[in-house]
Structure formats: C-alpha cells, structure tokens
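# Structural overview for review
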Amino acid sequence: MARRASSLRGDMSNMFQTPAMSSTPARDLAAAPQGQTRPVRPVFSALALSPRLPINVHITDRDVLDLTSKGNASMADFDSTINGHGSARPPPDVEVSVSDDRMDRLRLWRHDALLQHQNETAIFVADKVWHMTRHPTDAFWLAQAFLQARQYARAHDLLTIDGLLDRSLACRKLAAQALIAQGKWAETLSLLDDATLHLDSGFLHRAMAGTAFSSHNRAALAKSTDGGVAIQATVLYLRGVAYLNLDNLERAKRAFQEAVASDVKCYEAFDQLFAHNLMSAKEEQEFIQGLSFAGLADDDIELVRDLYMLRLSKYRTDTLVQQLKGNLMEGYRLGDNPDVLQAEAEHLFAKCQFRKCLELTSRILILDAFKYSVLPIHLTCLHETGKRNELFLLAHDMVEKQADEPVSWLAVGIYCMAINKVADARRHFSKASVMNPRFGPAWIGFAHSFAVEGEHDQAIAAYTTAARLLQGSHLPAMFLGIQHLQLGNVVLADEYLNTALDLCQVDPLLLNELGVVCFHRNQYGDAIKWFKHAVLVAGEIGSPESMWAATYANLGHAYRRLRLFEEAADCFDRVRKWSPSDASAFVAQGTIRLHLGDFDGAIESFHRALAIRPGDTLTTDLLERALADALESHSSDC
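If you're wondering where the values come from, they're calculated on a predicted model, not measured in any experiment. (Residues numbered from 1 in each chain as written. Predicted model: local features only at pLDDT ≥ 70, side-chain atom pairs only at ≥ 80, totals over all residues. Heavy atoms only, no water.)

## Description of the overall build of the protein chain
- Secondary structure assignment for the protein chain yields 33 helices and zero strands.
- Scored against the burial criterion, the 638 residues of the protein chain give a buried share of 55%.
- Across the protein chain, contacts joining residues at least 24 apart in sequence account for 64% of those joining residues at least 6 apart.
- Counting every atom, the protein chain has about 27800 Å² of accessible surface; 51% of that belongs to carbon and sulfur. (Helix = DSSP H or I, 4+ residues; strand = E, 2+ residues; numbered from the N terminus. Buried < 20%, exposed > 50% of the residue type's maximum accessible area, 1.4 Å probe, protein only. Contact = heavy atoms within 4.5 Å. Areas by Shrake-Rupley, 256 points an atom, 1.4 Å probe, with all protein chains shown as cover.)

Okay, structure coming up:
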C-alpha cells in the first residue's frame, strides 16, 4: 500500500536549571543551635533581600541555613519585608542589628558584580569576605559565584567543608547543581536522597494525587509563601534531572511531578514534563487538575492556570485553545507572547495543519530568533510544505551561529532528507542524538533515514528509542506500526497503531494506516470507513487533497475488492489527476475497466502505465489479457 512520507516532529529542553541569582546584600547569618529543629515550612523560597534595603538590616539564619528535621528549610522568609513605600519592615522572627560597614560594602560589591556577570570580581570579593567571616552565608555566595563562573568542581568542594551540607538545604541544592553541571548523576541522587533530606513524601503524594489539601493547609500555603520558588521544589526538580540523565524516565517523571506539586511556581519541572512528553494526554489532564494554585496570589491564579493549561492543548479542541488564548490576550496582553503562540502552533502541528503552523512558528522566530523549543516543528513544517531553500538557509545559519546545539544538526539532517541525501541525513541525525541522547526529534529523523531505504529492523530500533523518550506523543507508536505493517506483522502493527490512536485521533496518516491494517485482514468495509475518515479529517484541517492521493488509492482498492467498481474508478480518477506519473493508478484503473467490460479503456490505461514503467510484467500480462478479451468480444459481435 502506498502512503505518504512520514514527518519529523518533537521538542528540546534544557539539561539543568541555571542557578538562581539574587540581588541581596547578604548579612551575617548565625548558625542554628545544635540539636534543635525548626518548624517545617516547605514553601519558602531562595528569594533574598533587595539591594534597596538599608545596609544596617541583617537576617539571622534560623530559617536560612537550618536543615530541619523534615528537610524543608529555606533560604529566607521575607514575607512583607518591603512595604508599599519601599522601606524595610522585617518579619517578627528576623533579628535587626547594626552590622560592620565594611562587610556591608564588600557584600554589596560582591552582589553587584554577580548581577553584572563580572564573575572574577565577584569571586575575588566573595573569597575575601568568606575568609574574613568564615560564615556559612558567605560560603554560600562564594559558591554561587563559582557556579556562575562555571567553576563547578570548585563550588562543590567549597560546599562540602564545615558541615554546610548538613546544616543548609540551600547549600545542598547548590552542591547538587554543581554536580549536575559536571554530569555526576549518581552522586547528585546520593546527595538528594529522601533519607538525607527528610522530605515529606506523604505531603507530596497527596498533592500529586490531587487529594485536595485541607482548607487549613491551603490557607497556610497561601499565607507562608514569599512569592518565590520553594527550595524543596528545586531539590525535587534537580533529582528529576539526574534521573532523566540516567534514563530512568519513570522516576524522573515522578520527581518532576512532585516538584510541581510541592510548589506550582517551579516551572522548570513543569516544562520538563512536557518538553520530554513524559505523560500521556490523560495523565496531563489529571495532573493539572490535581495541582494546587493556592500558593499564588489570588490575582495570579487565573493567569498561571491558563498558561499551564495551554501546554495541555496539543491534542485538544480548537475551542479550548482559542478560549485560553483569548483569556491571555484580553486579560494579560499576551497574544504575541512566543510561549502562547508556540502552544497554538503545536496544536496545529498535531492536526497536520502545516501551513498554518508554519505561519505561527515563523512569527515566533521573528520575535525570538533563538527559541530552540519551537525549531523542531518549524523545521518539519518547512519540510512538509516543500520549502527547501528556506530549510537550507536556516540550517546553514543555525550551524554557523549555534553549532553546539543539537537542533542545528537536526536542521541539516532534515534538509538532507528533503534533497534525498539519506546517508548524509542519517549522519547528521546521529550527531544530534549523540550531542543530546534524549533529543526525541533526532531519533525520529534517524529512524526515518532507515525507513526510507527499507531497513526496517534498524528503523524499528530507533523508533523504539524515540517512543521511550516521547511517551506522550503518538508519533513513535504510529511509525512503529507502519514499520511492522511493511514487514507483514499485522497484529503488532495493529497494537502500535491503536496505541497511537489513544493519544491522537486527528492525524490523517494514522487513520490511513488503520485502514491498511483492516485491508490486510480482508475487512474491506472497515478499511473503507478508516480511509474515508482520513480523507474527511484531512479536509477539515485544510490539508490539500493532493497530499492524500495514497489514501484515495487505498480507498479505491478497498472498493474494488468489494466489487464497487464505479466508486473505485472515481477514486483512481482523482489519483491520476493529482499524480499523473503514478503507473499504479493507471494499472488499477485499467483493471477496473476490464471488470466493467470497457476493454478499449483498459487497454489505453495499461499502455499509459507501460509508458511510465516499461517492461512491468504484471501490467504486460494484464494488457495481453485485455487484448485477448477485446478480440474475443469483437469476434462475438461479428
């Protein structure tokens, strides 16, 4: 059975979270008394004091550097630190005193250097402050300076002295970020394990499962938050990153879910769940419904919920997508925001509306030329719409400017596929997958390069890897079904294709392949239903009918098997109009005319087929039969 070329589709993501920078003039933070524990407040963040605060205000580390019994300590509790007039108003449990003027000036110098990315200046000053005070907070900010300067081993080594890891969840988080930057995934997990951190897994499980918080917990959550991201959420996110890089996707998914459940403001974890397609559409819906947004200000809940819901809309209805976009456009003036436009583009892409999707992705790249997350679908849309020149120029520009990005080599591979240089395409897809082994689009492209050459076993292996990396996408399962169908494994093909159908019901190619499965099972009536449904969906999404000539040919063959020759002839007439060089269409049309007794028409169709494909044995035999039947018919007439 003929079928159209498969598409290259997918996402990228960041490898790890960039350490958050703060603008605080850090103060002397006294260590917590040994053997004492503090109240568990998991929603406090790493937000710090603003440089605008008077330099004679400092914070003790009762809540900053104390690793409590449940591991939920934070860097600071700065609720209402700044009042409406911009003056300092420390919370009740914050000690206010006059600090040394010199240390204040040095710390301000250090933080200003960090904010201006003068890394050596920051390290120079932070090192002197640390050696003068030997205080844990100054050690923390020296490590932060090392981390920003990409001196990861140096940062980790500093944080392991003086028992900082045992006294501070913030320092432990920073040490984990340093290990992640060095690719030490197992050590990261050892540093962030439950036994060490005493994380309240029951609290997280209730949040994840959507078993609603009690009204008391919701009120406490809203009251305690300082507006930043809870350190506990960041710790869980970092754990997910480590699991992800160890290819333990199930644990990575759970860690990211726990991070978002712990604090809905942890967008890094939320983005990882969707960028890597770790959840099915049903799981995504259940997850978002179970989230508590109580930690947000009342005015922000609708905004954040709509932005998060928009990420769920890839396989959703147009009405929901437009409703969410309308809310964000009218209420928050986010109609031209690249993230909002990308969500709409992904929705169009899932429905194979490549031209409309291309318009949106082009607009996004005008607004943000380096938004890598949108590039895989943009490149695929260029391929699907036959824009080879644009593909070449974009791929050349990306390799020139960002040769260290996997998506740049994905672009080169897609261009090579567009010009039928399959071996070159395979090499570049392989390079992209080596640069980032979790880059799903590269694996799909790599598999395509084998599929187009009939190397089904290698294609299946690569598609299987893609399916593991893109669990929430229907594409890998669909492509696996196509490969098994071409190998004659109809049962396996049916299983994979129905798995893909559970995720997406609006891809005409998937519907076509389900019809092919029914055809091979001699279920011609069901095959006709699938083929007609595919054509109908293709029309609804605005796809040109000529793109689906193979589906019309399949529909014609199903009609022919049921001896519905008039309907079959109509299908093949369409195919001939769209693909005048398709010899198979002429052969099929000639066969139908032969059944209808139109011998002259059959002979003409077979001759035209042989003109396109000379020497074809089957067509030659059919032509001889048509000539014999025509001669016999003329003899009987005489």
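Back to the text.
## Quick look at the confidence of the model for the protein chain
- On average, residues of the protein chain score 79 in pLDDT, and 78% of them reach the 70 mark or higher.
- When pLDDT is averaged over each element of the protein chain, helix 21 (residues 406-418) comes out on top at 96 and helix 10 (residues 215-224) at the bottom at 39.
- For residues 200-225, every residue scores under 50 in pLDDT, and the model assigns this stretch 39 contacts once sequence neighbours within four places are set aside. (pLDDT = per-residue confidence, 0-100.)

## A word on the packing of helix 17 (residues 338-350) against helix 18 (residues 354-367)
- Relative to each other, helix 17 and helix 18 sit at 160°, their axes nearing to 8 Å. Considering their axes alone, helix 17 and helix 18 lie roughly antiparallel with respect to each other. Judged by the twist between their axes, the crossing of helix 17 over helix 18 is left-handed. Facing helix 17, whose interface residues are Pro 338, Leu 341, Gln 342, Glu 344, Ala 345, Leu 348 and Phe 349, helix 18 presents Phe 354, Lys 356, Cys 357, Leu 360, Thr 361, Arg 363, Ile 364 and Leu 367.
- Here the contact of helix 17 with helix 18 is built from residues that sort into ten nonpolar, two polar and three charged. (Axes fitted to C-alpha atoms, helices over the stretch in contact; angles between N-to-C directions. Parallel < 35°, antiparallel > 145°, perpendicular 65-115°, else oblique. Left-handed = near helix turned anticlockwise from the far one by under 90°. Nonpolar A, V, L, I, M, F, W, Y, C, P; charged D, E, K, R; others polar.)

## Thoughts on helix 23 (residues 440-451)
- Between the first and last C-alpha of helix 23 there are 16 Å, a value that for twelve residues agrees with the 16 Å anticipated at 1.5 Å per step.
- With twelve of its twelve residues buried, helix 23 lies for the most part within the structure.
- All buried positions along helix 23 are accounted for by Gly 440, Pro 441, Ala 442, Trp 443, Ile 444, Gly 445, Phe 446, Ala 447, His 448, Ser 449, Phe 450 and Ala 451.
- The inward-facing, buried residues of helix 23 contact helix 19 (375-384), helix 21, helix 22 (422-435), helix 24 (456-469) and helix 25 (475-486). (Expected span 1.5 Å × (residues − 1).)

## Quick word on the pattern of salt bridges
- Counted by the stated rule, this structure contains 19 salt bridges.
- A salt bridge links Arg 254 to Glu 258; its shortest N-O distance comes to 3.3 Å. Of this pair, Arg 254 and Glu 258 are both found in helix 12 (residues 249-262), four residues apart, which corresponds to roughly one turn of the helix.
- The exposure class assigned to Arg 254 is partly exposed, which follows from its relative accessible area of 37%.
- You can call Glu 258 buried: its relative accessible area is 10%.
- Note that Arg 576 and Asp 573 form a salt bridge whose closest N and O atoms lie 3.5 Å from each other. With a gap of three residues between them, Arg 576 and Asp 573 both fall in helix 30 (residues 565-578), about one helical turn apart. (Salt bridge = Lys/Arg side-chain N within 4 Å of Asp/Glu carboxyl O.)

## Points about helix 24
- In this model, helix 24 (14 residues) spans 20 Å end to end at C-alpha, consistent with the 20 Å of a helix rising 1.5 Å per residue.
- Within helix 24, burial applies to His 456, Ala 459, Ile 460, Ala 462, Tyr 463, Thr 465, Ala 466 and Leu 469.
- In this fold, the buried residues of helix 24 make contact with helix 12, helix 23 and helix 25.

## Some words on the packing of aromatic side chains
- Applying the stated criterion across every chain, the model contains 14 aromatic pairs.
- Arg 305 extends its terminal NZ or CZ atom over the ring of Phe 293, reaching a point 4.9 Å from the ring centre.
- The ring of Phe 450 carries Arg 426 above its face, with NZ or CZ at 4.3 Å from the centroid. (Phe/Tyr/Trp six-rings, centres within 6.5 Å; stacked < 30°, edge-to-face > 60°. Lys NZ or Arg CZ within 6 Å of the ring centre and 35° of its normal.)

## A few points about the side chain of Gln 353
- You can see Gln 353 is positioned in the loop between helix 17 and helix 18.
- When its relative accessible area of 8% is taken as the criterion, Gln 353 is described as buried.
- Setting aside chain neighbours within four positions, we find Gln 353 in contact with Leu 348, Glu 540, Ile 541 and Gly 542.

## Here we look at the packing of helix 2 (residues 119-133) against helix 3 (residues 136-148)
- It is the contact of helix 2 with helix 3, at a shortest axis distance of 9 Å, that shows an interaxial angle of 160°. In this view, helix 2 runs roughly antiparallel relative to helix 3, as classed from their interaxial angle. Handedness of the helix 2/helix 3 crossing: left-handed. Contact with helix 2, carried on its side by Asn 119, Ala 122, Ile 123, Ala 126, Asp 127, Val 129, Trp 130 and Thr 133, involves Asp 138, Ala 139, Leu 142, Ala 145, Phe 146 and Gln 148 of helix 3 and no other residues of that element.

## Looking at the nonpolar core
- One finds Leu 379, Val 407 and Met 478 to be the most contacted residues of the largest nonpolar core, which totals 93 residues.
- It is helix 21 that provides the largest number of residues to this core, a total of nine residues.
- Among the nonpolar cores identified, the runner-up in size contains 74 residues, and Ile 123, Leu 164, Leu 249 and Ala 259 belong to it. (Core = buried A, V, L, I, M, F, W, Y, C linked by side-chain atoms within 4.5 Å.)

## A word on the side chain of Ser 605
- In this fold, Ser 605 is placed in helix 32 (residues 599-612).
- Side chain to side chain, Ser 605 and Arg 593 meet in a polar contact 3.2 Å long.
- Here Ser 605 is in contact with Phe 586, Gln 589, Gly 590 and Arg 593, once residues within four sequence places are set aside. (Polar contact = N/O pair within 3.5 Å; in protein donor to acceptor, adjacent residues only side chain to side chain.)

## Topic: the environment of Thr 137
- Note on placement: Thr 137 falls in helix 3.
- Once the C-alpha coordinates of Thr 137 and Ala 170 are considered, the two residues, 33 residues apart in sequence, prove to be 9.8 Å apart.

## Considering unusual backbone geometry
- Its identity as a non-glycine residue notwithstanding, Asn 420 has a phi of 65°, on the positive side.
- Looking at where Asn 420 falls in the secondary structure, it is placed in the loop between helix 21 and helix 22.
- Classification of Asn 420 as exposed rests on a relative accessible area of 61%.
- Notably, Arg 563 is not glycine yet its phi reads approximately 60°, a positive angle.
- Secondary-structure assignment places Arg 563 in the loop between helix 29 (549-561) and helix 30.

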